[in-house]
Amino acid sequence: MLTITSTVETERAARYLVQLCKHFAHKVPAEWTDEEGTARFDWGTCVMRASGGALHLEVSAPDEESLGRVRYVVTDHLERFGSRDSLVVTWSPRM
């Protein structure tokens with residue numbers, strides 16, 4: 001399983017976590033609280049945690065192509081939802 005992570009600095013981390021999960025829940029299984037959420041796509045999973053003024057994202061998938069698909073979907077949605085706050089998602093390999 002391949003995994004990448006991102007930490008997006010924002011004082012509205014819980015708000016964005018809930019917004020993402022509610023949006024994804026229209027098409028894929030998703031569950032959430034104000035502090036944690038998970039979206040399960042056919043090609044991989046995104047786990048989200050809101051804490052300390054940041055939204056922590058962890059994307060896992062079985063191969064590079066699937067990882068790229070999940071990364072794209074999560075990045076695109078979060079940056080659009082967070083455009084007022086100029087959110088930028090930068091991914092790093094999990095160490």
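Scroll up for the structure.
Asks: Requested: an account of the pattern of salt bridges, with residues and values cited.
Replies: Tallied over the entire structure, the rule returns 3 salt bridges. The partner of D85 in a salt bridge is R12, and the shortest N-O contact between them spans 3.3 Å. Of the two residues, D85 is situated in the loop between α2 (64–81) and β6 (92–93) and R12 in the loop between β1 (2–9) and α1 (13–24); the sequence distance between them amounts to 73 residues. One salt bridge connects R80 with D76, and the closest N-O pair in it is separated by 3.1 Å.

Asks: Got a sec to walk through the nonpolar core? Specific residues and values, please.
Replies: Grouped together as the largest cluster of nonpolar side chains are 27 residues, with contacts concentrated most on F41, M48, L55, L57 and L78. Breaking this core down by element, the ones donating at least two residues are β1, α1, β4 (45–51), β5 (54–61) and α2. Considering each element in turn, this core owes the most residues, 7 residues, to α1. Ignoring any residue separated from it by four or fewer positions in sequence, one finds M48 in contact with L17, L20, C21, E35, E36, G37, T38, A39, L55, H56 and L57.

Asks: So, the environment of A54: which residues are in play, and what are the values?
Replies: With respect to the helices and strands, the residue A54 is situated in strand β5. Look at A54 and you get buried, because its relative accessible area is 2%. Residues A54 and A13 lie 41 residues apart in sequence; the distance between their C-alpha atoms is 5.5 Å. Setting aside residues up to four positions removed in sequence, A54 forms contacts with T7, V8, E9, T10, A13 and R49.

Asks: Tell me about the sheet that holds β4, residues and numbers included.
Replies: Read from one edge of the open sheet, 6 strands run β2-β3-β4-β5-β1-β6, paired in antiparallel fashion. With one partner strand each, in any of the chains shown, β2 (30–32) and β6 form the two edges of the open sheet. Two strands pair when backbone bridges link them, and β4 and β5 are joined in this way by 7 bridges, in the antiparallel orientation. The partner of A50 across the bridge, within β5, is L55. Contacts between α1 and the sheet are confined to β2, β3 (36–40), β4 and β5, with β4 contributing the most and set at about 155° to the helix. Contacts from α2 reach β1, β4 and β5, with the element oriented near 155° to β5.

Cut-offs and rules
Residues numbered from 1 in each chain as written. Predicted model: local features only at pLDDT ≥ 70, side-chain atom pairs only at ≥ 80, totals over all residues. Heavy atoms only, no water. Salt bridge = Lys/Arg side-chain N within 4 Å of Asp/Glu carboxyl O. Helix = DSSP H or I, 4+ residues; strand = E, 2+ residues; numbered from the N terminus. Core = buried A, V, L, I, M, F, W, Y, C linked by side-chain atoms within 4.5 Å. Buried < 20%, exposed > 50% of the residue type's maximum accessible area, 1.4 Å probe, protein only. Contact = heavy atoms within 4.5 Å. Pairing = 2+ DSSP bridges. Axes fitted to C-alpha atoms, helices over the stretch in contact; angles between N-to-C directions.

Everything listed is a geometric property; what it means functionally is a separate question.
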